[in-house]
Amino acid sequence: MVSAILLAGGSGHRMNSDTAKQYLEVGGIPLIVHALRAFEESEADSVVLVVREGDESYVRSEILDRYGIRKVTAVVPGGKERFDSVWEGLRAVGSATDDIVLIHDGARPFVSPEMIHASIDAARRYGACTVAVPVKDTIKVVDGEGFGIDTPDRATLYQVQTPQSFRLSLILEAHRRFREDPRPGITDDTMLVEEYLGQKCYMVQGGYENLKVTTPEDIILAEALLARLR
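Remember, it's a predicted structure, so these values are computed and weren't measured experimentally.

A.B. asks: Help me understand the overall build of the protein chain in this model?
C.D. replies: Counting its regular elements, the protein chain contains seven helices and eleven strands. Evaluated residue by residue, the protein chain yields a buried proportion of 49% over its 230 residues. Long-range contacts, defined here as pairs at least 24 residues apart, represent 74% of the contacts in the protein chain between residues at least 6 apart. Looking at the protein chain as shown, the accessible area adds up to about 11600 Å², and 47% of this sits on carbon and sulfur atoms. Computing the positive centroid from 26 side-chain charges and the negative centroid from 35, the protein chain places the two 2 Å apart.

Here is the structure:
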């Protein structure tokens, strides 16, 4: 069984918009619909959609029903922080030990079924993986006074995207331990399994088009990318 959790509980704060970013339109279609359609076309068996509290009815009628999304088996309210929302999604998925679960940011509209397939395969083989791309720019480590103090080898650096995919039992245990003993500085689910379980995460080739829409400039870029992808 392969399940996916799509996180769609964001706001329009950094968009300077009254509309939550996942409902903003790209190509005349809400952002979240693009991501949902990729999972509809993939081998994922079911999708849990995590939304802002109070958005459940709107999402069912204006997103799922309107656009014919059939794989979503649960629409659940998220929590205060990202990890809280992932936890609510995991609770809705269940706890079968041999299952695979993919966690994806709903604000990444251009994930492809090919990325999803590669993620599922890698999670089955290695237990944990993330979609990622090699960084293009030189990266500097900067000290507290604003001076560069180190330049890591660019050949070893990857920009992490989503989906991030796991054996369900593995990511559930990592989240349980995090909730019992939260540690600072952890920013995504791969770091959870690395920090709490000592689990290495495999890098799955992503795509530079698999951007996360966060600011108004990203909407412009997403529109241009969509025109090219069509």
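A.B. asks: When you look at the packing of aromatic side chains in this model, what are you seeing that I'm missing?
C.D. replies: Any pair of aromatic rings gets described here by the distance separating the centres and the angle formed by the planes. Per the counting criterion, the structure on display carries four aromatic pairs. With a centroid separation of 5.2 Å and an interplanar angle of 65°, the aromatic rings of Tyr23 and Tyr58 are classed as edge-to-face. Of the two residues, Tyr23 sits in the loop between strand E1 (2–8) and strand E2 (25–26) while Tyr58 sits in helix H2 (residues 56–65), which places them 35 residues apart along the sequence. Overall, Tyr23 belongs to the buried group, its relative accessible area being 11%.

A.B. asks: Just to check I follow, could you spell out H2 for this structure?
C.D. replies: Turn by turn, an α-helix covers 3.6 residues, leaving residues three or four places apart pointing in a common direction. Those residues of H2 not exposed but buried are Glu56, Val59, Ile63 and Leu64. Along the axis of H2, the buried positions cluster into a sector of 80°, meaning they face one direction only. Opposite the buried face of H2, by more than 90 degrees, sit the exposed residues Ser57 and Asp65. The secondary structure elements touched by the buried residues of H2 are strand E3 (29–30), helix H1 (31–40), strand E4 (46–51) and strand E5 (72–77).

A.B. asks: Can you walk me through the pattern of salt bridges in this structure?
C.D. replies: Should the charged atoms of two oppositely charged side chains come close, the side chains can pair. Scanning the model with the defined rule gives twelve salt bridges in all. Linking Arg177 and Glu173 is a salt bridge whose minimum nitrogen-to-oxygen distance equals 2.9 Å. In this pair, Arg177 and Glu173 are both assigned in helix H5 (residues 168–180), four residues apart and thus about one turn of the helix distant. On the basis of relative accessibility, which here comes to 35%, the residue Arg177 falls in the partly exposed class.

A.B. asks: How should the nonpolar core be read in this particular structure?
C.D. replies: The tendency in soluble globular proteins is for nonpolar side chains to be buried side by side. Leu6, Leu36, Phe39, Leu49 and Leu64 are the most contacted members of the largest nonpolar core, which has 35 residues in total. Those elements that provide at least two residues to this core are E1, H1, E4, H2, E5, strand E6 (100–105), helix H4 (113–126) and strand E7 (128–134). The element that contributes the greatest number of residues to this core is H1, accounting for six residues. What Leu64 contacts, discounting residues up to four positions off in sequence, is Leu36, Leu49, Val59, Ile69, Arg70, Val72 and Val75. Grouped together as the second largest cluster of nonpolar side chains are 26 residues, Val50, Val101, Ile103 and Ala174 included.

A.B. asks: How should I be thinking about a nonpolar patch on the surface in this particular structure?
C.D. replies: Taken together, the side chains of Tyr158, Val160 and Met203 make up a nonpolar region of the molecular surface, amounting to roughly 240 Å² of accessible area. In this structure, Met203 sits in strand E11 (residues 202–205). For Met203, a relative accessible area of 33% corresponds to the partly exposed category.

A.B. asks: Sorry, what's going on with the packing of H5 against helix H6 (residues 189–197) here?
C.D. replies: Angle between the axes and distance between the axes: these two values describe a pair of packed helices. Here H5 crosses H6 at 75°, and the two axes come no closer than 9 Å. The angle between H5 and H6 places the two elements in the roughly perpendicular class. On the side of H5, the interface is formed by Leu170, Ile171, Glu173, Ala174, His175, Arg177 and Phe178, while H6 contributes Asp189, Leu192, Val193, Tyr196 and Leu197. In terms of residue class, the contact of H5 with H6 is made up of eight nonpolar, one polar and three charged.

What counts, and at which threshold
- Residues numbered from 1 in each chain as written.
- Predicted model: local features only at pLDDT ≥ 70, side-chain atom pairs only at ≥ 80, totals over all residues.
- Heavy atoms only, no water.
- Helix = DSSP H or I, 4+ residues; strand = E, 2+ residues; numbered from the N terminus.
- Buried < 20%, exposed > 50% of the residue type's maximum accessible area, 1.4 Å probe, protein only.
- Contact = heavy atoms within 4.5 Å.
- Areas by Shrake-Rupley, 256 points an atom, 1.4 Å probe, with all protein chains shown as cover.
- Lys, Arg positive; Asp, Glu negative; His and termini not counted.
- Charge placed at Lys NZ, Arg CZ, Asp CG, Glu CD.
- Phe/Tyr/Trp six-rings, centres within 6.5 Å; stacked < 30°, edge-to-face > 60°.
- Arc of directions from axis to C-beta.
- Salt bridge = Lys/Arg side-chain N within 4 Å of Asp/Glu carboxyl O.
- Core = buried A, V, L, I, M, F, W, Y, C linked by side-chain atoms within 4.5 Å.
- Patch = residues over 30% accessible without salt bridge, like charges linked within 9 Å, V, L, I, M, F, W, Y side chains within 5 Å.
- Axes fitted to C-alpha atoms, helices over the stretch in contact; angles between N-to-C directions.
- Parallel < 35°, antiparallel > 145°, perpendicular 65-115°, else oblique.
- Nonpolar A, V, L, I, M, F, W, Y, C, P; charged D, E, K, R; others polar.

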